[in-house]
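Understanding the architecture of this molecule
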Amino acid sequence: MLQMKLCGDLVLRQKCDAVADITPELQGMLNEMVEMMRAQNGVGLAAPQVGVLQRFLVMMDPDTETVYKMINPRIVSHSDKTVNMEEGCLSVLGPDNLPVFAHVTRPASVVVEWTDETGAACAAEMSGVPARIVQHETDHLDGILFIDHLAAVRREMVMRKVRKRK
Ligand SMILES: [Zn+2]
């Protein structure tokens, strides 16, 4: 049973190791993470958020409800064009135990390469919400949280809410 790790837990600040082998254990964790993501109405969840320091994540395109299970994902290129979009994180919760949202500027589109749960090499160009999700989730694999992209004053506004939790 995997447990959600919250902001303040140092596991969220580590750089993850590449996955060497696709094992039944890994496939089980990916499936469990999809369930956790759905249960919390999230659109993405990365391994360190459940305490596993390996490079894998799950995400869902909310428009098509396509679920991606990405092993060793890499953003290989991104657009120069950026877009400002609201983000939240299942590891950054406010007083009501719900994600705290803030606007973050990131590239509008990205090309991502990954290995799927069967071992197949995959690639996709993503824009809009899926591009946003995959950038947020791959950041987690390098110990980066979305609040790190905020100006200090706005980050402090988010952290004030996080500290009010329970
Ligand atoms: Zn997150």
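Structure's up top.
Residues numbered from 1 in each chain as written. Predicted model: local features only at pLDDT ≥ 70, side-chain atom pairs only at ≥ 80, totals over all residues.

Details of the overall build of the protein
A tally of helices and strands in the protein yields three helices and seven strands. Relative to the 2.2 N^0.38 estimate, which gives 15 Å for 166 residues, the radius of gyration of the protein is 15 Å and therefore close to what a compact globule would have. With respect to the principal axes defined by its C-alpha atoms, the protein has extents near 45 × 40 × 30 Å. Put simply, the protein has 166 residues, and 30% of those count as buried. Pairs at least 24 residues apart make up 66% of the contacts formed inside the protein by residues separated by at least 6 positions. (Helix = DSSP H or I, 4+ residues; strand = E, 2+ residues; numbered from the N terminus. Rg over C-alpha atoms; globule rule 2.2 N^0.38 Å. Buried ≥ 20, exposed ≤ 12 C-beta atoms within 10 Å, placed from the backbone. Contact = placed C-beta atoms within 7 Å.)

Digging into the environment of E113
Along the chain, the position of E113 falls in strand β6 (residues 109-115). The class of E113 is partly exposed, set by 15 C-beta atoms lying within 10 Å. Through-space distance from the C-alpha of E113 to that of R74 is 5.3 Å; in sequence the pair is 39 residues apart. Beyond its immediate chain neighbours, meaning those up to four positions away, E113 contacts R74, V76 and A123.

Focus on unusual backbone geometry
Backbone geometry places N41, a non-glycine residue, at a positive phi of 55°. Positive phi is not limited to glycine here, since N72 has a value of about 50°. Counting through the fold element by element, N72 comes out in strand β3 (residues 67-78).

Here we look at the sheet that holds strand β1 (residues 44-46)
Read from one edge of the open sheet, five strands run β1-β2-β3-β6-β7, paired in antiparallel fashion. Across the chains shown, the open sheet's two edge strands, defined by having one partner strand only, are β1 and β7 (121-127). Looking at each pair of strands side by side, their axes are set apart by 40° on average, direction ignored. The sheet contact formed by β6 and β7 spans seven bridges and is antiparallel. Paired with S109 across the two strands is S127, which belongs to β7. (Pairing = 2+ DSSP bridges. Axes fitted to C-alpha atoms, helices over the stretch in contact; angles between N-to-C directions.)

A few points about the nonpolar core
Counting 33 residues, the largest nonpolar core has L45, L57, V58, M59 and V134 as its most contacted members. Those elements giving two or more residues to this core turn out to be α1 (24-39), β1, β2 (56-60), β3, β6 and α2 (128-140). Of all the elements, β2 adds the most residues to this core, at five residues. Ignoring anything within four residues of it in the chain, the contact list for L57 reads G44, L45, A46, A47, M70, P73, E137, H140 and L141. (Core = buried A, V, L, I, M, F, W, Y, C linked by C-beta atoms within 7 Å.)

Observations regarding α1
Its 16 residues place the ends of α1 23 Å apart at the C-alpha level, agreeing with the 22 Å of an ideal helix rising 1.5 Å per residue. Residues of α1 that are buried make contact with β1, β2 and β3. N41, located one to two residues past α1, shows a positive phi value of around 55°. (Expected span 1.5 Å × (residues − 1).)

What about α2?
An ideal rise of 1.5 Å per residue puts 18 Å on 13 residues; α2 measures up with 19 Å between its terminal C-alpha atoms. Counting buried positions along α2 gives 10 out of 13 residues, so the element sits mostly inside the fold. Looking only at α2, the buried set comprises P130, A131, R132, I133, V134, Q135, H136, E137, T138 and H140.

Here we look at the environment of D148
Within the secondary structure layout, D148 lies in the loop between α2 and α3 (152-163). According to the C-beta neighbour criterion, D148 is exposed, with 11 such atoms within 10 Å. A C-alpha to C-alpha distance of 9.6 Å links D148 and V104, two positions 44 residues apart in sequence.

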